[in-house]
Amino acid sequence: MTIEQRFLQKAIEDKNYVSFSHENKSYKKIKPLKIEENILHSDSGKFELTKLSRVQILRDRF
């Protein structure tokens with residue numbers, strides 16, 4: 001498990017929003033729901049963890 005995956009897992013547990021880039025497209029204030037088989041499931045779709053960059057855990061909670 002990479003450091004980014006650990007941060008995302010902690011964000012899921014704490015119910016924090018996240019922001020990141022995926023395939024040169026920026027996503028802001030996304031609700032992460034779960035991680036399984038190297039895929040992040042969120043309220044706005046599924047994202048491959050290997051293609052994520054600039055992951056930020058936001059202070060806002062849902």
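Residues numbered from 1 in each chain as written. Predicted model: local features only at pLDDT ≥ 70, side-chain atom pairs only at ≥ 80, totals over all residues. Heavy atoms only, no water.

Asker: Sorry, what's going on with the side chain of Ser-21 here?
Answerer: Examined against the element boundaries, Ser-21 turns out to sit in strand β1 (residues 16-22). On the basis of relative accessibility, which here comes to 7%, the residue Ser-21 falls in the buried class. There is a polar contact of 3.3 Å between the side chain of Ser-21 and the side chain of Arg-54. If sequence neighbours within four positions are ignored, Ser-21 has contacts with Ser-26, Lys-51, Leu-52, Ser-53 and Arg-54. (Helix = DSSP H or I, 4+ residues; strand = E, 2+ residues; numbered from the N terminus. Buried < 20%, exposed > 50% of the residue type's maximum accessible area, 1.4 Å probe, protein only. Polar contact = N/O pair within 3.5 Å; in protein donor to acceptor, adjacent residues only side chain to side chain. Contact = heavy atoms within 4.5 Å.)

Asker: How do you make sense of the nonpolar core when you look at a structure like this?
Answerer: The biggest cluster of nonpolar side chains holds 11 residues, and these are Leu-8, Ala-11, Ile-12, Val-18, Phe-20, Tyr-27, Ile-30, Leu-40, Phe-47, Leu-49 and Leu-52. Counting residues per element, the ones that place at least two in this core are α1 (3-14), β1 and β2 (25-30). Considering each element in turn, this core owes the most residues, three residues, to α1. If we ignore the near neighbours within four places in the chain, the residues touching Phe-20 are Lys-25, Ser-26, Tyr-27, Ile-30, Leu-40, Phe-47, Leu-52, Ser-53, Arg-54 and Val-55. (Core = buried A, V, L, I, M, F, W, Y, C linked by side-chain atoms within 4.5 Å.)

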